[in-house]
Amino acid sequence: MNESSEWTPPTPATPRIESVPLSNYMIVSKESLTSLLLECPKCEQGQCHLSFHMVGLAASCTRECNRCDFTATWHSSPVLKTSKASNKEKLPTINVDFVSGAILSAVGGTKLRLLLMMSGVTPLSTTSFHRLKKFYVSPAVDELFFKKQGELVDELRKRVAKGEKIHICGDGSFDSRGYSAAYCRYFLLNAETGEAIHYVLIHKSETGSSAKMEVAALEQGLRELSLMIGGSKGIASVVTDRHSAVAKMMKEKYPGIKHFYDPWHFFRNITMTLLTVCKAKYMESVRFWVKPIINRCYDAVISAQGNGELAQEKFRAILLCIQGKHRFDQV
């Protein structure tokens, strides 16, 4: 049969990748990967000699076919480009992503290393983890934070210049529990938006003891934030935990700023007190009241919307509700 002069061969179908996983990485067993790489994609008859090389969590494999001239190198992760590229400094994406994830989720290098080891995955060395954190991840986080901070501070400075005042809240976290912490990190947030405005990192050598770090960090944070926005007069209120030294410092050094306690610590103290009292055998019959009482405490504060007198009345009403009295006009 004669072919038409206008006939053209059909265009080959474009390869499709369907049902692509949402995750950037997929864990593959060593057996499955080696069986896939052994096959030569060129002659389809020979098998490849495999030579693996690991850089942290990233793997590369050089493949050489024993029947044809096929040679190629397979990489499990692309390599990030650096400003000063060199053969000595390789940054596989997977290593940087794992270090970033460990830092941002507060897992830490030790726990990440243990998790990977127990799962049968060769982990990053401690040296590599801290090197990536110090030279790449931390500077990137700082750059992004300070850029965003500058935008937020500019907006707050404009509001203060118009005569408005801002409301902030703050809390500190330590590198270890108890009274032996070496570092305290204190964050100041915009209470209206929940955005982090400023943070302070302080070492106990600056205060003389771990117990004084939180107060010193808050004082330093307020002083620096005041300079950023045009003075402490632009700050209407500060919400902190129920630290007695913090309350004293705010009263002495920032009397013009209203100081409030955050409800979470308040309710936590009530919860711990109730649980301690209800441990006694004779209190077992009323132990189930702990959760309803705490829920009513939360409701009293939230529904009062800043009205302290109304919140107090609702607190006292909790005791009447427990007694089955719900008509307060008859009390």
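Residues numbered from 1 in each chain as written. Predicted model: local features only at pLDDT ≥ 70, side-chain atom pairs only at ≥ 80, totals over all residues. Heavy atoms only, no water.

The protein goes by Mutator-like transposase domain-containing protein in an unreviewed UniProt entry, where it is assigned to Pristionchus mayeri.

A. Examining the sheet that holds strand β3 (residues 71–75) more closely. Strand order in this open sheet of three strands is β1-β2-β3, and the pairing throughout is antiparallel. Two strands bound the open sheet, and with one partner strand each, they are β1 (48–55) and β3. Strand-to-strand twist in this sheet, taken as the mean axis angle between neighbours without regard to direction, amounts to 15 degrees. Taken together, the eight bridges between β1 and strand β2 (residues 58–65) define a ladder with antiparallel strand orientation. By the bridge assignment for β2, M54 is matched with A59. Sheet contacts for helix α1 (residues 30–38): β1, β2 and β3; angle to β1, the most-contacted strand, approximately 135 degrees. (Pairing = 2+ DSSP bridges. Helix = DSSP H or I, 4+ residues; strand = E, 2+ residues; numbered from the N terminus. Axes fitted to C-alpha atoms, helices over the stretch in contact; angles between N-to-C directions. Contact = heavy atoms within 4.5 Å.)

B. Layout of the nonpolar core. If you look at the biggest cluster of nonpolar residues, it comprises 26 residues, and the most contacted ones within it are I168, L218, L222, I235 and M250. Counting residues per element, the ones that place at least two in this core are α4 (126–161), β4 (166–174), β5 (183–190), β6 (196–203), α5 (213–229), β7 (235–240) and α6 (244–253). Per element, the largest residue contribution to this core is seven residues, and it comes from α5. Apart from residues lying up to four places away in sequence, M250 is in contact with L218, L222, V238, P255, I257 and H259. In terms of nonpolar packing, the next biggest core, distinct from the first, is built from 13 residues, A58, I94, V96 and L112 among them. (Core = buried A, V, L, I, M, F, W, Y, C linked by side-chain atoms within 4.5 Å. Buried < 20%, exposed > 50% of the residue type's maximum accessible area, 1.4 Å probe, protein only.)

C. Highlighting the pairing of β4. Here β4 pairs with β7 via four bridges, running parallel. By the bridge assignment for β7, C169 is matched with V239. Pairing geometry for β4 and β5, over seven bridges, is antiparallel. When the bridges of β5 are listed, S173 appears paired with R185.

D. Examining the pattern of salt bridges more closely. A full pass over the atoms with the stated rule returns eight salt bridges. Measuring nitrogen to oxygen at the nearest pair gives 2.8 Å for the salt bridge that ties R157 to D154. With a gap of three residues between them, R157 and D154 both fall in helix α4, about one helical turn apart. Judged by its relative accessible area of 37%, R157 is partly exposed. Between E313 and R316 there is a salt bridge, with its nearest N and O atoms 2.8 Å apart. With E313 and R316 both in helix α9 (residues 308–322) and three residues apart, the pair spans about one turn of that helix. A relative accessible area of 43% means that E313 is categorised as partly exposed. (Salt bridge = Lys/Arg side-chain N within 4 Å of Asp/Glu carboxyl O.)

E. Representation of the packing of α5 against α6. Remark: α5 packs on α6, axes separated minimally by 9 Å, with the N-to-C direction vectors making an angle of 35 degrees. As α5 packs across α6, the resulting crossing turns out to be right-handed. Judged by residue contacts, V215, L218, E219 and L222 of α5 engage A245, V246, M249, M250 and K253 from α6. Along the lines of polarity and charge, the residues of the contact of α5 with α6 split into seven nonpolar, no polar and two charged. (Left-handed = near helix turned anticlockwise from the far one by under 90°. Nonpolar A, V, L, I, M, F, W, Y, C, P; charged D, E, K, R; others polar.)

F. The arrangement of α6 in detail. For α6, every residue scored as buried is listed here: V246, A247, M249 and M250. Seen end-on, α6 carries its buried residues on one side only, within an arc spanning 165 degrees. Opposite the buried face of α6, at more than 90 degrees from it, the exposed residues are S244, K248, K251 and E252. Close packing links the buried residues of α6 with α5, β7 and β8 (258–261). (Arc of directions from axis to C-beta.)

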